[in-house]
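# Results of the structural survey
Chain by chain, the residues run as shown.
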Amino acid sequence: SSETFWTTTGMFPQEFIIGFPTCVKISKVAIQCYLVRTLRIERSVSKDPTGFELCIEKDFQHTEGQLQMEEFPLPDFQATYLRFIIKSAFDHFVSVHRVMAEGT
């Protein structure tokens, strides 16, 4: 729902993990968030959410009063779990409004 979101508790880093029922091929990940400064995305192909490895780390532009929308193309990429780590922010609290993963 576009009316719901996840918000941080005010200290960094903050993280959340998204799990898939099985290992999937992902071609692109997109995120809509607010006031994120640095985001790191990691993946795991394990049965459990362990053994994460870095996929991408990016500094975002500050967009006052607007959602930040970023897309990350990931060719030949497989994952069972994706871990999103918000390393720093432009404010004490940030929000994540949507995460989308495209693939098979």
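Relevant structure appears above.
Notes on the structure in this doc start here. Since this is a predicted model, take the numbers as computed values, not measurements. Residue indices follow the written sequence of each chain, beginning from 1 at its first position. pLDDT decides what is reported in this predicted model: residues at 70 or higher carry local features, side-chain atom pairs at 80 or more are listed and counted, and totals for whole chains, interfaces and linings draw on all residues regardless. Water and hydrogen atoms were dropped before computing side-chain values, which therefore reflect all heavy atoms in the structure.

## A few points about the pairing of strand β2 (residues 14-34)
Where β2 lies against strand β5 (residues 68-89), 15 bridges are found, and the strand directions are antiparallel. Within β5, the residue paired with glutamine 14 across the bridge is isoleucine 86. Taken together, the eight bridges between β2 and strand β6 (residues 95-103) define a ladder with antiparallel strand orientation. Across the sheet, lysine 28 pairs through a bridge with glutamate 102, a residue of β6. Strand pairing is assigned whenever DSSP detects at least two bridges linking the two strands. Comment: elements are numbered from the N terminus, with helices defined as DSSP H or I runs of at least four residues and strands as E runs of at least two.

## Topic: the environment of glutamate 70
Among the secondary structure elements, glutamate 70 is positioned in strand β5. Taking the C-alpha atoms as reference, glutamate 70 lies 24 Å from proline 49; in sequence the two are 21 residues apart. Those residues in contact with glutamate 70 that lie beyond four places of it in its chain are Val29, Ala30, Ile31, Lys58 and Phe60. Here the side chain of glutamate 70 touches lysine 58 through a polar contact of 2.7 Å, side chain to side chain. In what follows, a contact means two residues having at least one pair of non-hydrogen atoms within 4.5 Å. A 3.5 Å cut-off defines polar contacts: any pair of N or O atoms within that distance qualifies, except that in protein one atom must be a possible hydrogen donor and the other a possible acceptor, and neighbouring residues in sequence count only when both atoms are side-chain atoms.

## Looking at the nonpolar core
Considering soluble globular proteins, one finds that nonpolar side chains tend to be buried as a cluster. Side-chain atoms within 4.5 Å are what join buried Ala, Val, Leu, Ile, Met, Phe, Trp, Tyr and Cys residues into a set we call a nonpolar core. Per-residue accessibility, obtained with a 1.4 Å probe over protein chains only, is compared with the maximum for each type, and a residue is labelled buried under 20%, exposed over 50%, and partly exposed between these values. Membership of the largest hydrophobic core comes to 21 residues, with the highest contact counts inside it found for Ile26, Ile31, Leu39, Leu82 and Phe84. If you list the elements that add at least two residues to this core, you get β2, β3 (36-44) and β5.

## Some remarks on the pattern of salt bridges
Note on definitions: salt bridges are taken to be side-chain nitrogens of Lys or Arg within 4 Å of carboxyl oxygens of Asp or Glu. This structure, assessed with the given rule, holds nine salt bridges. Among the salt bridges present, the one from lysine 28 reaches glutamate 71, with a minimum N-O distance of 3.5 Å. On the criterion of sequence distance, the pair formed by lysine 28 in strand β2 and glutamate 71 in strand β5 is long-range, its members being 43 residues apart. The class of lysine 28 is partly exposed, set by a relative accessible area of 22%. Among the salt bridges present, the one from glutamate 57 reaches lysine 87, with a minimum N-O distance of 3.0 Å. Linking glutamate 57 in strand β4 (residues 53-59) with lysine 87 in strand β5, this pair joins segments that are 30 residues apart in sequence. Taken together, the shared-partner salt bridges in this structure form one network comprising Glu15, Arg40, Glu42, Glu57, Arg83 and Lys87.

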